Amino acid sequence: MDEREVTELRETLAIGLKKCFEDMLERKALLGQSIVTCDADGNTLVIPAKQALAEYRAGKLY
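First things first, this report covers the structure right here in the doc. (Residues numbered from 1 in each chain as written. Predicted model: local features only at pLDDT ≥ 70, side-chain atom pairs only at ≥ 80, totals over all residues. Heavy atoms only, no water.)

## Observations regarding the overall build of the protein chain
Inference 1: Check the secondary structure of the protein chain and you find two helices and two strands.
Inference 2: For the protein chain, the N- to C-terminal ordering of α and β elements is α-β-β-α.
Inference 3: Radius of gyration (C-alpha) of the protein chain: 15 Å, far over the 11 Å computed for a compact globule of 62 residues.
Inference 4: Across its three principal axes, the protein chain shows a C-alpha extent of roughly 45 × 30 × 15 Å.
Inference 5: For the protein chain, buried positions account for 15% of its 62 residues.
Inference 6: Counting only contacts in the protein chain whose residues sit at least 6 apart along the sequence, the fraction spanning at least 24 positions is 31%.
Inference 7: Carbon and sulfur atoms form 59% of the exposed surface of the protein chain, whose accessible area is close to 5000 Å².
Inference 8: Averaged over its 9 positive side-chain charges, the protein chain has a centre that lies 8 Å from the centre of its 11 negative ones. (Helix = DSSP H or I, 4+ residues; strand = E, 2+ residues; numbered from the N terminus. Rg over C-alpha atoms; globule rule 2.2 N^0.38 Å. Buried < 20%, exposed > 50% of the residue type's maximum accessible area, 1.4 Å probe, protein only. Contact = heavy atoms within 4.5 Å. Areas by Shrake-Rupley, 256 points an atom, 1.4 Å probe, with all protein chains shown as cover. Lys, Arg positive; Asp, Glu negative; His and termini not counted. Charge placed at Lys NZ, Arg CZ, Asp CG, Glu CD.)

## Quick notes on a nonpolar patch on the surface
Inference 1: Nonpolar side chains collect at one region of the surface, where Met1, Leu9 and Leu13 lie side by side and expose about 350 Å² of accessible area between them.
Inference 2: Along the chain, the position of Met1 falls in the segment before helix H1 (3-30).
Inference 3: Classification of Met1 as exposed rests on a relative accessible area of 74%. (Patch = residues over 30% accessible without salt bridge, like charges linked within 9 Å, V, L, I, M, F, W, Y side chains within 5 Å. Salt bridge = Lys/Arg side-chain N within 4 Å of Asp/Glu carboxyl O.)

## Some thoughts on the pairing of strand S2 (residues 44-48)
Inference 1: Sheet analysis places strand S1 (residues 34-38) next to S2, joined by five bridges and oriented antiparallel. In the strand pairing of S2, Cys38 is matched with Thr44.
Inference 2: Hairpin connection of S1 to S2: five residues between the antiparallel strands, including Gly42 at a positive phi of 90°. (Pairing = 2+ DSSP bridges.)

This is how it looks when you write it as C-alpha cells:
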C-alpha cells in the first residue's frame, strides 16, 4: 500500500466509525437508555443518550 491508499483507508474508517457511533446514540436515545463515557479528567460519566446525541451533533466530542 502506498501512502495515498493508507490515507484513503484511514479516512474511510474514520467516517464509518463516526456513523456507527451516531447510529448507536440514536438507537439508545430512542430506547431511553444512557451511555457511559468519561470527562477530560478520566472520571466516569453516565448520561442519557438523548443528551449525548444532542451534544455530539453540536460538536462536543465523546
